[in-house]
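Examining the three-dimensional arrangement
Now for the letters of each chain:
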Amino acid sequence: MSRIVILGAGISGHTVARYLNQWVGKQHEIVVVSPNARWNWIPSNIWVGVGQMTEEQVTFDLAEVYKKTSVDFRQAKGVSIHPEGDTSDARPFVTVEYTLPAKAGQQERIAYDYLVNATGPKLNFGATEGLGPDHGHTVSVCTASHALEANHQLQQQVEAMKRGEQRTFVIGTGHGTCTCQGAAFEYIYNVDHVLREAGVRDQARIVWISNEYELGDFGMGGVHIERGGYITNGKTFAESLMVERDIEWIVRAHVKKVEAGKIHYETLDGSFHELPFDFSMLIPPFAGVGLKAYDRGGEDITAKVFAPSGFMKVDADYTPRPYAQWSADDWPRTYQSPVYRNLFAVGIAFAPPHLISKPMQSTNGTPINPAPPRTGMPSAAMAIAVAKSLRDMLAGAEKPTHQASMARMGAACVASTGSHLLRGTAATMTVFPVVPDYRTYPEYGRDLHLTFGEIGLAGHWMKSLLHYTFIYQAKMKPGWQLLPD
Ligand SMILES: Cc1cc2nc3c(=O)[nH]c(=O)nc-3n(C[C@H](O)[C@H](O)[C@H](O)COP(=O)(O)OP(=O)(O)OC[C@H]3O[C@@H](n4cnc5c(N)ncnc54)[C@H](O)[C@@H]3O)c2cc1C
């Protein structure tokens, strides 16, 4: 019997756990280590952030779900990886620290035969002074509890506007190197929608601020889509949406500092600006969660296993090259560590080989370019590929048997632009592949037959359906395997 330890029970880690439980749960031991008691369908936090859903609707108790399976769930966080064991025992192990209230702070060593790092991002609010809900002046929708607080503050603004006051809302990214523009994009439109529904939109100035070179970049170098026989780009699509809804935008911006009611930012041309606000939701930059790694003798090998960003190095080509020489082949396929064959990283936890968008710096040398997104669908696709490879390696395969390169897969994203059964809308976008491949698709880097965008009420219904489908699937209710990931 082998033991597979999965660090992180988010979208990717829980997907690995679900499938391994189904395929090998009876023959092998599956241990899931994750610090939060509750699973969160993060995309629906947007609706918690505007009061359209409750925290309970977007989360559920993980221990309850794993109780029905063979998975051994530990409410704890991974602290360090010891892929060679130590001087007393050569078996690899991971050190975890419990967050379960009854055992809080206790450390334990869990030996493993295979380890999957699915720890997602550290929400690095500390990178920008004054950013974030805990020590700063902006709100967030990155966790369900953050979103709840965001809605609380949003409703206060609505009340003030109902009394006739004017308000400025600033939504976007809180640092020059952020990813996840899509989440902020959804949130700004949902705020716009809520203000319209409340009859106070005319008293609001709504401003988008982001590190994208152009609107619609989304960290993917933008997209081209074919609509009605014409090729249009994501910039036109995104700008049209903003113009239609009277939303102003600032791009090429690095938020340097946030004070109460004032954002300080720098733009690519090297100039510095200030933007007053009453309410601001800015996405923080992401980093790895800070796992350390040690060799058999206790020597720190974190730099060998992880990239400087804290994300784990996998089978990507990390050789630094100029933008013009980037290739689809640089992107990882199996997510196996190049140094330890029984170590994998999936979802946001793996280190991308480089950006997807063109690297940019301001004239002061400040990087202002979006980091590559690793959204839900690719994260789940990687997780399934790794689960399949592990199943086969447990049965004797020498190396990973399945691949899921972001340069060879498509992704669909349904971005809510307002939640309402009849007046809701969402932008439905698909891209293929996620990472442009200019060798295969010389003109636009993507297959335009499989890359499109559309906005409308049907998108909202689809987004709602996805919410209930994914929560049903994640709860591992009967027939979950039949549902798409
Ligand atoms: C507001 C918002 C909206 C979004 N909307 C969409 C959308 O509409 N569509 C879409 O495709 N994507 C969306 N995304 C992106 C999507 O949420 C991510 O792609 C996805 O969650 C990544 O999965 P993951 O498993 O890598 O990370 P996560 O889902 O973040 O999971 C990481 C897990 O690891 C745990 N963990 C952290 N540290 C440790 C540790 N030390 N040890 C063990 N476990 C640890 C965490 O608690 C968590 O359970 C959105 C993101 C945000 C923030």
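What you see is a predicted model; the values in this text were computed from it and never measured.

1. Concerning the site of the ligand
- Close to the ligand lie 33 residues, the nearest being Ser12, Gly78, Ile348, Arg374 and Gly376.
- Here an oxygen atom of the ligand and a backbone polar atom of Thr119 are 3.3 Å apart.
- Arg374 places a polar main-chain atom, nitrogen or oxygen, 2.6 Å from an oxygen atom of the ligand.
- Here the ligand loses 89% of its free accessible area of 990 Å² to cover by the protein chains.
- At three residues, helix α9 (residues 376-394) tops the list of elements feeding residues into the shell around the ligand.
- Of the residues that constitute the shell around the ligand, the class distribution is 17 nonpolar, twelve polar and four charged.

2. Focus on the packing of aromatic side chains
- Per the stated rule, a full pass over the model turns up twelve aromatic pairs.
- Look at Phe185 and Tyr189: their rings are 4.9 Å apart centre to centre, the planes differ by 70 degrees, and that puts the pair in the edge-to-face class. Remark: Tyr189 and Phe185 occur in helix α6 (residues 181-197); sequence separation between them is four residues, near one turn of the helix. Of the two residues, Phe185 and Tyr189, neither departs from the other in class, the shared state being buried.
- Through a chain of ring-to-ring contacts, three or more aromatic side chains come together here, namely Trp39, Trp41, Phe60 and Phe470.
- A cation sits over an aromatic face here: Arg374 above Phe350, 5.5 Å from the ring centre.
- Lying across the ring of Trp23, Arg391 places its NZ or CZ 4.6 Å from the centre.

3. As for the UniProt feature "domain: FAD/NAD(P)-binding" (unreviewed entry) in the protein chain
- UniProt records the feature "domain: FAD/NAD(P)-binding" (unreviewed entry) for residues 3-315 in the present numbering.
- Along residues 3-315, the helical share is 25% and the strand share 31%, with 23 Å between the first and last C-alpha atoms.

4. A few points about helix α5 (residues 144-162)
- Taking 1.5 Å of rise per residue, 19 residues should cover 27 Å, and α5 covers 27 Å from first to last C-alpha, within 8% of that figure.
- At the exit of α5 stands Gly164, carrying a positive phi of roughly 100 degrees.

5. Notes on the pattern of salt bridges
- According to the stated counting rule, one finds 28 salt bridges in the structure shown.
- Salt bridges sharing common partners tie together Asp329, Arg333, Arg408, Asp437 and Arg439.

6. As for the side chain of Arg18
- Along the chain, Arg18 turns up in helix α1 (residues 11-24).
- Owing to a relative accessible area of 3%, Arg18 belongs among the buried residues under this scheme.
- Setting aside residues up to four positions removed in sequence, Arg18 forms contacts with Gln473, Ala474, Met476, Trp480 and Asp485.

7. Some points on helix α10 (residues 457-474)
- A rise of 1.5 Å per residue sets the reference length of α10, with its 18 residues, at 26 Å; its end C-alpha atoms lie 26 Å apart and thus fit the reference within 8%.
- Every buried residue of α10 is accounted for by Gly459, His460, Lys463, Ser464, His467, Thr469, Phe470, Ile471, Gln473 and Ala474.
- Met476 sits one or two residues past α10 and shows a positive phi near 55 degrees.

8. Here's the deal with the sheet that holds strand β24 (residues 452-456)
- Across the sheet, which stays open at both edges, the three strands sit in the order β22-β23-β24 with antiparallel pairing between neighbours. Looking at strand neighbours, the two that pair on one side only are β22 (411-418) and β24, the edges of this open sheet. Ignoring strand direction, the axes of neighbouring strands in this sheet form an average angle of 15 degrees.
- Two strands pair when backbone bridges link them, and strand β23 (residues 425-431) and β24 are joined in this way by five bridges, in the antiparallel orientation. Within β24, the residue paired with Met429 across the bridge is Gly453.

9. Some details on the pairing of strand β11 (residues 204-209)
- Most of β11 is tucked away: five of the six residues are buried.
- Sheet topology note: the strand β10 (residues 167-173)/β11 ladder contains six bridges and is parallel. Within β11, the position partnered with Val170 by the bridge is Val207.
- After leaving β10, the chain enters α6 and then returns to the sheet as β11, a path that is right-handed.
- Summarising the sheet, β11 and strand β14 (residues 248-250) pair through three bridges and their orientation is parallel. Bridging across to β14, Ile209 finds its partner in Ile250.

Cut-off values and rules
Residues numbered from 1 in each chain as written. Predicted model: local features only at pLDDT ≥ 70, side-chain atom pairs only at ≥ 80, totals over all residues. Heavy atoms only, no water. Near = heavy atom within 4 Å. Polar contact = N/O pair within 3.5 Å; in protein donor to acceptor, adjacent residues only side chain to side chain. Areas by Shrake-Rupley, 256 points an atom, 1.4 Å probe, with all protein chains shown as cover. Helix = DSSP H or I, 4+ residues; strand = E, 2+ residues; numbered from the N terminus. Nonpolar A, V, L, I, M, F, W, Y, C, P; charged D, E, K, R; others polar. Phe/Tyr/Trp six-rings, centres within 6.5 Å; stacked < 30°, edge-to-face > 60°. Buried < 20%, exposed > 50% of the residue type's maximum accessible area, 1.4 Å probe, protein only. Lys NZ or Arg CZ within 6 Å of the ring centre and 35° of its normal. UniProt positions renumbered as here; feature names shortened; annotations may be inferred. Expected span 1.5 Å × (residues − 1). Salt bridge = Lys/Arg side-chain N within 4 Å of Asp/Glu carboxyl O. Contact = heavy atoms within 4.5 Å. Pairing = 2+ DSSP bridges. Axes fitted to C-alpha atoms, helices over the stretch in contact; angles between N-to-C directions. Right-handed = clockwise from strand over helix to strand, strands pointing away.

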